[in-house]
Amino acid sequence: MRLKEVSMRGFRAFNAPFSFPIHNELTIIVGDNATGKTSFCDAIQWGLFGKLPQYKDIPEAALEDMILNRNSPSREATVTVTLKEDDKASALQIQRQVRSKRIVKPTQLIPPKLLEGSEEQLSKLGETTLESFLTTVYLRQEALRRFIEADPLKQRRPILSSLLGIGFVEAVQQGLKEGMEKLDRRKSQKDRDLGDKNNDRSIYMERLKASEALRNDVTKRYKLGTKQIDLPFALSITHSLFSELRTLANSIDRDFQVEEPKLDLTSLREFHRKVSELVDRWRIERSQESERARTLRKKQDELKNKITGLDEKDLAQDIQNIEKSLIEENGKLRTKNTYVNLLSFAGDYLKFEKPSECPICENKIEAQEILDHVKTTMQRLEENREIENIRRNIKTLDNRKRELENNLQDFRGLKEELRKTEEELGSCRDIEGVQQRLEKLNSDLGELNDVLKVIEEEVGTARLEVPSEEDLSVIGRSLQNLTRLLSSVRALYTASETGLPSFVEQRLEELNPVVDRYTHILAPHPEFSRLRITRTEDGSYWLQGISGEEGKKTHVRTLFSTAQLNEAAIVLLLSMAEMGPQDLKFIVLDDPTQSIASQSLGPHKERLAKLIVKASTQKQTIVATMDLEFAQLLKSLQPNAQAYLFKDYSEEKGPVVEKW
Amino acid sequence: MTKKSLSPVLQDLRSVLIKELNSSGTTNLDQCGKLLDELLEKVDEKFREGASFEDIKRVVVDLIARKEREVSES
């Protein structure tokens, strides 16, 4: 691919339309200062890349003014660069335009695929290594000085890195690093994801197990067999049980007002809550009654103990017997009393008169008999003692009778109390029955709650998005693969880090023979016949001159004159252009002899001209120079070269150009 | 892809990296080698087009991302 033509209008020095065919090898632009030579070189650069890196320090607005011709009425600049492959008929044009302050993107007028790459790739040429190449090889005094005097680490490194392909390795290295970091983050993320998923699955399995156990329990309790409790079925069971519960609750408390639950979880839950509240209330209310029942039962037991062994008939018989004994004893007492009275009366009577008959029985008695009775006072006294005994017996019997009568009365009272207690307990049993039913109700509620738990657990578990074991296995394998990939990328990155110095050394070793060849031609310094680029451990690049005989080394900045520095720079840059990693096509040299003091031809200029002509056979070369003799020398060395003489400058049109 | 098809600079780079990998004791040398060759092939395409630093870096990052997708999906 070669430059075939450069056309411009309104660009920098060129106001009127200009078109310059470019020679395949060497094109010479010769002219005095301020005739448009630099604008010509800039047009090529801007046309190709849309940038002018040598003016990068100038603000964008000022740069725009620099691009636009001051006398252009339209304030519009256009540069068209035509490229063509030698063996192909069609050409490729890149056109760039600036209108006022708006930069128009390049338009490709003829799109044959002359470049090995797409249009998009071509549009990115401005960002490529070529740019760096031109930045450096686009020779002018200040560029040379920048290169030679650049900071070895900060400034030379990017330039040389680009030209030697080191920057490209660094790009690969950086890509590996970024890719590795992304992979690392992805791996960490996947590690966490897998951990989370495993954890989720673990929780899921635990819940499933618990749910399964609960379901088994419930199915067993409700005798559901192996029937699967799915949501509709469980709801149906729960609803049915809740309906029964409602009937039961109503039978206990007619005031219980709860609507028939609907066939959904929320409704059943609400029903369960209301019934639970009711049962709790009942429990509290019934607890007092239960306490009373317990007290009564205790009393019942005590009463039963008391009347154990007692019988009402026996007690009555005993009383009757005692009453008989009492009658007998009273009879005895009455007889005895009569007898004693009689004795007493008889004694008294006998003291005064003699009765002819017994005052009691009115029988004729013998006074003697009476006297016999009366005679014995002791006997009478004895009779009195008997009477006393009878009286005691009677008293004892009376006491016993009263005791028995009391016992009988107590017995009857106890029996009545027992009857009443048992009657009360009878009513208490009903309360306890209610209590038992409440317990049953609550138990049912608990079971129904279990059913609901099963449903909720299963519904909740079903909602969990848990990967299967197979999924986890796939993720695990994917993670392993990722780990292996990461390991490979890390190994490559490490290798690129440790291998970079070797790579640089290798590149420099390949470069230095080429440098020697160009140095031999140009011989910039009489003593230091060889030039070397060396790299130190800190990544700095140094330019050294080496004495041919003694092998003495020096840094070119210390012993080389400005002209010698320029020539050394040309040697290095041409060498790197040749050795560059990419197949660079163009070399644009602006005033390569500017720093050479003598305007007359000398050995330096001759050698430089030869070198440029030689280089032009390898790389299409454009030389802009104000040195007419040097241009003539170039032309003499390459008679086929295309030469343009910028002999004057017109404010209206721009350079006054003629073929030379 | 054969080594000969690579640009000379990339061949140099490949030699250096292979040497470093061999001496690094990397266990998965085969995978590293395959990845390196695939990577260099992609980079070479860009390299020949005169791609920029960022372009080349992106090619490497994209390739690694693609490999990641491949291993994730495999």
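Residues numbered from 1 in each chain as written. Chains lettered and ligands numbered in written order. Predicted model: local features only at pLDDT ≥ 70, side-chain atom pairs only at ≥ 80, totals over all residues.

Comments concerning the overall build of chain B
Part 1 of the argument: Helices and strands together make up the secondary structure of chain B, namely three helices and zero strands.
Part 2 of the argument: Seen in sequence order, chain B has helices and strands lined up from the N terminus as α-α-α.
Part 3 of the argument: Within chain B, the fraction of its 74 residues that count as buried is 42%. (Helix = DSSP H or I, 4+ residues; strand = E, 2+ residues; numbered from the N terminus. Buried ≥ 20, exposed ≤ 12 C-beta atoms within 10 Å, placed from the backbone.)

Remarks on the interface of chain A and chain B
Many authors give the size of an interface as the accessible area that is lost as the parts come together.
Part 1 of the argument: Taken together, the 44 residues of chain A in the interface contact 36 residues of chain B.
Part 2 of the argument: Residue assignment for the side of chain A that touches chain B shows that the elements contributing at least two residues are α4 (129-137), α7 (166-221) and α13 (469-522) of chain A.
Part 3 of the argument: In terms of residue count, the dominant contributor to the side of chain A that touches chain B is α13 of chain A (19 residues).
Part 4 of the argument: Tallied by class, residues from the side of chain A that touches chain B come to 16 nonpolar, 20 polar and eight charged. (Contact = placed C-beta atoms within 7 Å. Nonpolar A, V, L, I, M, F, W, Y, C, P; charged D, E, K, R; others polar.)

Notes on helix α17 (residues 628-637) of chain A
Because the α-helix completes a turn every 3.6 residues, residues three or four places apart line up on one side.
Residues and elements named next belong to chain A.
Part 1 of the argument: All buried positions along α17 are accounted for by Phe-630, Ala-631, Leu-633 and Leu-634. Buried residues of α17, seen end-on, are gathered within an arc of 155° and therefore sit on one face of the element.
Part 2 of the argument: In this structure, the buried side of α17 is in contact with β3 (26-31), α16 (603-618), β11 (620-625) and β12 (642-650). (Arc of directions from axis to C-beta.)

Focus: α16 of chain A
All names here are of chain A.
Part 1 of the argument: For α16, with 16 residues, the first-to-last C-alpha span of 23 Å sits near the 22 Å given by 1.5 Å per residue.
Part 2 of the argument: Along α16, the positions that sit buried rather than exposed are Lys-605, Leu-608, Ala-609, Ile-612, Val-613, Ala-615 and Ser-616. Each buried residue of α16 sits inside an arc of 165° when the element is viewed along its axis, so together they form one side. Turned more than 90 degrees away from the buried face of α16 sit Pro-603 and Thr-617, all of them exposed. (Expected span 1.5 Å × (residues − 1).)

Points about the sheet that holds β12 of chain A
Residues and elements named next belong to chain A.
Part 1 of the argument: If you trace the five strands from one edge of the open sheet to the other, you get β10-β11-β3-β12-β13, paired in mixed fashion. Both edges of this open sheet fall to β10 (586-590) and β13 (654-659), since each of them pairs with a single strand only. For this sheet the average axis-to-axis angle between neighbouring strands, irrespective of direction, equals 20°.
Part 2 of the argument: In this structure, β3 lies alongside β11, joined through five bridges in parallel fashion. Within β11, the residue paired with Val-30 across the bridge is Thr-625.
Part 3 of the argument: Of the strands in this sheet, β3, β10 and β11 touch α16, which is tilted by about 145° from β11. (Pairing = 2+ DSSP bridges. Axes fitted to C-alpha atoms, helices over the stretch in contact; angles between N-to-C directions.)

Thoughts on the nonpolar core
Residues and elements named next belong to chain A.
Part 1 of the argument: By size, the foremost hydrophobic cluster in this structure holds 110 residues, and its most contacted members are Leu-492, Leu-572 and Leu-634.
Part 2 of the argument: Here Leu-572 is in contact with Val-515, Leu-531, Ile-533 and Leu-543, once residues within four sequence places are set aside.
Part 3 of the argument: Counting nine residues, the second largest nonpolar core, distinct from the first, contains Ala-249, Val-275, Leu-278 and Val-279. (Core = buried A, V, L, I, M, F, W, Y, C linked by C-beta atoms within 7 Å.)

Observations regarding the packing of helix α1 (residues 8-24) of chain B against helix α2 (residues 29-48) of chain B
Residue and element names in this part refer to chain B.
Part 1 of the argument: Between α1 and α2, whose axes approach to 11 Å, the crossing angle comes to 160°. With respect to their mutual orientation, α1 and α2 come out roughly antiparallel. For α1 against α2, the interelement crossing comes out right-handed. On the side of α1, the interface is formed by Leu-10, Arg-14, Leu-17, Ile-18 and Leu-21, while α2 contributes Leu-29, Cys-32, Gly-33, Leu-36, Leu-40, Val-43, Asp-44 and Phe-47.
Part 2 of the argument: Across the contact of α1 with α2, the residue classes break down as ten nonpolar, one polar and two charged. (Parallel < 35°, antiparallel > 145°, perpendicular 65-115°, else oblique. Left-handed = near helix turned anticlockwise from the far one by under 90°.)

Remarks on the environment of Tyr-339 of chain A
Part 1 of the argument: Structurally, Tyr-339 of chain A is set in helix α10 (residues 312-352).
Part 2 of the argument: With 44 residues separating them along the chain, Tyr-339 of chain A and Glu-383 of chain A place their C-alpha atoms 8.5 Å apart.

Points about the environment of Gln-564 of chain A
Part 1 of the argument: Among the structural elements, Gln-564 of chain A can be located in helix α15 (residues 562-579).
Part 2 of the argument: Once residues lying within four places of it in the same chain are set aside, the contact partners of Gln-564 of chain A are Pro-524 and His-525 of chain A.

Focus: unusual backbone geometry
Residue and element names in this part refer to chain A.
Part 1 of the argument: Of note, Ala-34 is a non-glycine position whose phi angle comes to about 60°, a positive value.
Part 2 of the argument: Looking at the element boundaries, Ala-34 is found in the loop between β3 and α1 (37-49).
Part 3 of the argument: Looking at Ala-34, the number of C-beta atoms within 10 Å reads 14, which means it is partly exposed.
Part 4 of the argument: Positive phi is not limited to glycine here, since Ala-523 has a value of about 40°.

Here's the deal with the sheet that holds strand β7 (residues 530-535) of chain A
Within a beta sheet, neighbouring strands are joined by backbone hydrogen bonds and run either parallel or antiparallel to one another.
All names here are of chain A.
Part 1 of the argument: Taken in spatial order, the three strands make up an open sheet running β7-β8-β9, and their pairing is antiparallel. Strands at the two margins of the open sheet, each flanked by one partner only, are β7 and β9 (553-555). Across the sheet, the axes of successive neighbouring strands diverge by a mean angle of 35°, strand direction being ignored.
Part 2 of the argument: Here β7 runs beside strand β8 (residues 541-546); their pairing, made up of six bridges, is antiparallel. Each bridged residue has a counterpart across the sheet, and for Ile-533 the counterpart in β8 is Leu-543.

Considerations on the confidence of the model for chain A
Part 1 of the argument: Of the residues in chain A, 71% have a pLDDT of 70 or more, and the chain-wide mean is 76.
Part 2 of the argument: This model gives residues 102-141 of chain A a pLDDT under 50, and the stretch forms 95 contacts once residues within four places in sequence are excluded. (pLDDT = per-residue confidence, 0-100.)

A closer look at the packing of α15 of chain A against α16 of chain A
Residues and elements named next belong to chain A.
Part 1 of the argument: Where α15 contacts α16, the axes come no closer than 12 Å and their chain directions differ by 15°. Between α15 and α16, the angle is such that the two are roughly parallel. In this structure, α15 crosses over α16, and the sense of that crossing is left-handed. In contact with Ala-563, Glu-567, Ile-570, Leu-574 and Glu-578 of α15, α16 contributes His-604, Leu-608, Leu-611, Ala-615 and Gln-618.
Part 2 of the argument: Considering only residue class, the contact of α15 with α16 consists of six nonpolar, two polar and two charged.

Focus on the pairing of β11 of chain A
It is a general feature of regular strands that their side chains alternate between the two faces of the sheet.
Residue and element names in this part refer to chain A.
Part 1 of the argument: Within β11, six of the six residues are buried, which leaves the element mostly enclosed by the surrounding structure.
Part 2 of the argument: Side-chain alternation along β11 places Gln-620, Ile-622 and Ala-624 on one buried face and Thr-621, Val-623 and Thr-625 on a second face that is also buried.
Part 3 of the argument: Alignment of β10 against β11, held across five bridges, turns out to be parallel. Bridged to Val-588 within β11 is Ile-622.

What about the confidence of the model for chain B?
Part 1 of the argument: Confidence in the prediction of chain B, expressed as mean pLDDT, is 83, and 89% of residues score 70 or more.
Part 2 of the argument: Predicted complex, confidence summary: ipTM 0.94, pTM 0.55.

Things to note about the pairing of β12 of chain A
Residue and element names in this part refer to chain A.
Part 1 of the argument: Pairing between β3 and β12: five bridges, direction parallel. Along β12, the bridge assignment pairs Ile-28 with Ala-643.
Part 2 of the argument: Where β12 meets β13, six bridges bridge the pair, whose relative direction is antiparallel. Its bridge partner being in β13, Phe-646 is matched across the sheet by Val-657.
Part 3 of the argument: Where β12 hands over to β13, the hairpin turn is made up of three residues, counted between the paired strands.

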